[in-house]
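Fold and geometry: a report
Letter by letter, the chains look like this.
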Protein chains: 2
Amino acid sequence: MTAVHFAERLADACRSRGNSLCVGLDPRWDLLPAALRRKHGGGGLPGMAAAFEEFGLRVLEVVAPLVAVVKPQSAFFEACGPEGLAALQRVLRAARQKGLLTILDGKRNDIASTAAAYADAAFAGTPLEGRPQPVWDADALTVNPYLGRDAVEPFLASARRAGRGVFVLVRTSNPGAGQFQDLVCDGRPLYLHVADAVGAWAREGLGRCGLGDVGAVVGATHPAELAAVRRLLPEVVFLIPGYGAQGGTAADTAAGFRADGLGAVVSSSRGLTACFDPEDAVWEARVEAATRAAVDELRRLTPMGRLGNGPA
Amino acid sequence: MTAVHFAERLADACRSRGNSLCVGLDPRWDLLPAALRRKHGGGGLPGMAAAFEEFGLRVLEVVAPLVAVVKPQSAFFEACGPEGLAALQRVLRAARQKGLLTILDGKRNDIASTAAAYADAAFAGTPLEGRPQPVWDADALTVNPYLGRDAVEPFLASARRAGRGVFVLVRTSNPGAGQFQDLVCDGRPLYLHVADAVGAWAREGLGRCGLGDVGAVVGATHPAELAAVRRLLPEVVFLIPGYGAQGGTAADTAAGFRADGLGAVVSSSRGLTACFDPEDAVWEARVEAATRAAVDELRRLTPMGRLGNGPA
């Protein structure tokens, strides 16, 4: 089997939906619909995991017809212990079965065979006596670059064998991101040095759309930096968090796109999946309305509108 | 309950054993004793998890009388899926019950409430309706600093509430570590800027031994950098990986210690727990001999020898 290039799969999915909005699945107990908390409360961490799973599956039902990409946050599932990770597996599987691309937001990093262990688990599966055993089976994984090439290349090698992708943290969306990322080295901030490396990795193998399978995480909350990285990296797909609850606007993300509307995935979590009053019985309608509104706004204010019309 | 400061707990444990060698638990299927592979093979990932658990528990039996600290590598347990994380929980619990301090090597990083979710799971437990539910219950966690203060402070706040510690990656042991960590910013390499931040966090709260609860990961494979960071950070505990299989020698780690023998934890994984022929039926005796030899060597060639005599 020859795996289809990650950037091609992503581009096809975004064109088919007419957008590249990514729904972040960051389940937090205190922000869940109250009915779900009542149903699963008192069950300790396994109950919390069951609530996160039910919430995730119901969000997928709502958003799968509307968007191409979902991004579960590993931390919240891990916080429930082993049962949470079983829930994460089932949420990821359900997303795939609905034709969604999945970005596992784990920000993993380590070296050599340890990085390969994370990567194989994320992508084609953990090798056991020569046969890969699927674990998370995600389409992409977020990766932290601080350890250097040894911490990225094993992820990349594993991703490429399976037509998957890696998103490397470049300039993140948090208020303290600049503490190290903006330090000036040889006349340029650190994050541009990381961007250089990401560009070199991406150019090792481009899809037909001209984009690579190594992406960059660049926050919506820093539009000037976003524009700078886009100029430097025409071949790189950006994962842009920080749209919505973190304060980045749709217009702030515009500089992250390629002119044809490809090249950027804009992610929102709380703004889509915690947009309702917990006591609101029709919370799924609120999630649907918020997702449709975000798509409309991004299509109007960014090149995303050039992706085609998507579903009616 | 007032939690005892992490650095005090670590110092007491190291003094009681007469050393600060840390046994890394990095189980890899291909390096396990063949008898364990035969026993659990054919069981897919749950079998792999069971083999990792049995291996970890048997290593703990051997090393608990000899050392103060063990460091399970999260990646290899995660690679088995949810059953692997249940195995990790049981290995961590067994280590605690044997009086060992545990460093969970997860290199986690994220921002705000996401970082707090990782941290609470690592330390006192995930809060659920106001009550913490234990998940990993480790004594310390490795953390990646690239995201800046937002990615470290939630870990630190959670650790401090429970008398736990955080080890921040500063200068890692891998060949490509320098790609970003050695970039010169304002006349000094990036890793010294990270070290500055670690020092400031550590000085927020020192134990009676004069050491903080925020440590630094500095590889044994870079002795000059290790000495530079030690001069800069007299109050910081170092976690020094890379001793043994990665090529760092005992003498290379000497510069990481405080003169009284505190302040450094030296970690070895494959050199201790994959030191045998897989077909060797008495592999535990090999692990014991390798651990004793490492302790002897470190006590002879570094200030670790000043910690007292430990057990006979």
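Above this note sits the structure.
Small disclaimer: the values here were computed from a predicted structure and weren't measured.

Parameters and conventions
- Residues numbered from 1 in each chain as written.
- Chains lettered and ligands numbered in written order.
- Predicted model: local features only at pLDDT ≥ 70, side-chain atom pairs only at ≥ 80, totals over all residues.
- Heavy atoms only, no water.
- Salt bridge = Lys/Arg side-chain N within 4 Å of Asp/Glu carboxyl O.
- Helix = DSSP H or I, 4+ residues; strand = E, 2+ residues; numbered from the N terminus.
- Buried < 20%, exposed > 50% of the residue type's maximum accessible area, 1.4 Å probe, protein only.
- Pairing = 2+ DSSP bridges.
- Axes fitted to C-alpha atoms, helices over the stretch in contact; angles between N-to-C directions.
- Contact = heavy atoms within 4.5 Å.
- Buried area = accessible area lost by both parts, 1.4 Å probe.
- Polar contact = N/O pair within 3.5 Å; in protein donor to acceptor, adjacent residues only side chain to side chain.
- Nonpolar A, V, L, I, M, F, W, Y, C, P; charged D, E, K, R; others polar.
- Core = buried A, V, L, I, M, F, W, Y, C linked by side-chain atoms within 4.5 Å.
- Least-squares fit on C-alpha atoms with pLDDT ≥ 70 in both.
- Expected span 1.5 Å × (residues − 1).
- Parallel < 35°, antiparallel > 145°, perpendicular 65-115°, else oblique.

Quick word on the pattern of salt bridges
Counted under the stated rule, the structure contains 54 salt bridges over all chains. Salt-bridge contacts for Asp110 of chain B lead to Lys107 of chain A; the nearest nitrogen and oxygen are separated by 2.8 Å. Of this pair, Asp110 of chain B sits in the loop between strand S3 (101–108) and helix H6 (112–122) while Lys107 of chain A sits in strand S3 (residues 101–108), placing the two residues on different chains. Between Glu204 of chain B and Arg160 of chain B there is a salt bridge, with the nearest N and O atoms lying 2.6 Å from each other. Of this pair, Glu204 of chain B sits in the loop between helix H9 (190–203) and strand S10 (214–218) while Arg160 of chain B sits in helix H7 (residues 153–161), and the two are 44 residues apart along the sequence. Classification of Arg160 of chain B by relative accessible area gives partly exposed; the value is 28%. Salt bridges sharing partners connect three or more residues here, namely Lys39, Glu54, Arg58 and Glu284 of chain A.

Looking at the sheet that holds strand S11 (residues 238–240) of chain A
Residue and element names in this part refer to chain A. With respect to topology, eight strands assemble into a closed barrel ordered S1-S2-S3-S6-S7-S10-S11-S12, the strand pairing being parallel. When strand polarity is set aside, the average angle formed by the axes of neighbouring strands in this sheet is 30°. Bridging between strand S10 (residues 214–218) and S11 involves two bridges; their strand directions are parallel. The residue of S11 that forms the bridge with Val217 is Leu239.

Thoughts on the interface of chain A and chain B
Between chain A and chain B, the contact holds 65 residues from the first and 66 residues from the second. Sorting the residues of chain A by area buried against chain B places Pro82, Tyr146 and Phe180 of chain A first, and these three jointly supply 15% of that buried surface. Where chain A meets chain B, there are four salt bridges. For the interface between chain A and chain B, the tally reads 31 residue pairs in polar contact (both at pLDDT 80 or more). Ranked by residue count, the leading element in the side of chain A that touches chain B is helix H9 (residues 190–203) of chain A, at six residues. Considering only residue class, the side of chain A that touches chain B consists of 33 nonpolar, 21 polar and 11 charged.

Describing the environment of Asp139 of chain B
All names here are of chain B. By secondary structure assignment, the location of Asp139 is in the loop between strand S5 (131–133) and strand S6 (140–143). When the C-alpha atoms of Asp139 and Ala124 are compared, they prove to be 9.3 Å apart, with 15 residues separating the residues in sequence. If we skip the residues at most four places from it in the chain, Asp139 touches Phe6, Arg9, Leu100, Leu101, Thr102, Phe123, Arg164 and Gly165. In terms of polar contacts, Asp139 uses its side chain to reach the backbone amide nitrogen of Thr102, at 2.9 Å.

With respect to the nonpolar core
Counting residues in hydrophobic clusters, the biggest one holds 233 residues, and the most contacted among them are Val198 and Phe238 of chain A together with Val198 and Phe238 of chain B. Setting aside its immediate chain neighbours within four residues, Phe238 of chain B contacts Phe167, Ala216, Val218, Leu226, Val229, Arg230, Leu233, Gly256, Gly263, Ala264 and Val265 of chain B.

With respect to the relation of the copies chain A and chain B
Between the two copies of the chain lies a rotation about an axis combined with a shift along it. Expressed as a screw operation, the relation of chain A to chain B combines 0.0 Å of axial shift with a rotation of 180°, fitting to an RMSD of 0.0 Å. Considering both components of the superposition, the chain copies are consistent with a two-fold axis. When the interface residues of chain A are mapped onto chain B, 100% of them are again interface residues, pointing to one common binding face.

Looking at the pairing of strand S2 (residues 69–72) of chain B
Two faces make up the sheet, and in a regular strand the side chains alternate between them. Residue and element names in this part refer to chain B. Here S2 shows two buried faces, one formed by Val69 and Lys71 and the other by Val70 and Pro72. Looking at chain direction, S2 and S3 are connected through two bridges and run parallel. Bridged to Val70 within S3 is Thr102.

Some details on helix H1 (residues 6–17) of chain A
Residue and element names in this part refer to chain A. Between its first and last C-alpha atoms H1 spans 17 Å; for 12 residues at 1.5 Å apiece the expected length is 16 Å, and the two agree. What H1 keeps buried is the set Phe6, Ala7, Glu8, Leu10, Ala11, Ala13, Cys14 and Arg17. In this fold, the buried residues of H1 make contact with strand S2 (69–72), S3, strand S6 (140–143), strand S7 (165–171) and strand S12 (264–268). In the segment just after H1, Gly18 is the residue with positive phi, at about 70°.

Re unusual backbone geometry
Positive phi, close to 50°, is recorded for Ala112 of chain A, a residue that is not glycine. Position of Ala112 of chain A relative to the elements: it lies in helix H6 (residues 112–122). Accessibility expressed as a relative area gives 46% for Ala112 of chain A, which makes it partly exposed. Its identity as a non-glycine residue notwithstanding, Glu129 of chain B has a phi of 50°, on the positive side. Here Glu129 of chain B lies in the loop between strand S4 (126–128) and S5.

Some remarks on the pairing of S3 of chain B
All names here are of chain B. Extensive coverage of S3 is indicated by the burial of eight of its eight residues. Along S3, one buried face is formed by Leu101, Ile103, Asp105 and Lys107 and the opposite face, lined by Thr102, Leu104, Gly106 and Arg108, is buried too. In this structure, S3 lies alongside S6, joined through three bridges in parallel fashion. When the sheet's bridge partners are listed, Ile103 is paired in S6 with Ala140.

Some thoughts on the packing of helix H3 (residues 44–63) of chain B against helix H5 (residues 82–97) of chain B
All names here are of chain B. Orientation of H3 relative to H5, taken along the N-to-C sense of each, is 10°, at an axis distance of 8 Å. If you check the angle between H3 and H5, you find them roughly parallel. Of the residues in H5, those in contact with Pro46, Ala49, Glu53, Leu57 and Leu60 of H3 are Glu83, Gly84, Ala87, Arg90, Val91, Ala94 and Ala95. Class assignment for the residues of the contact of H3 with H5 results in eight nonpolar, one polar and three charged.

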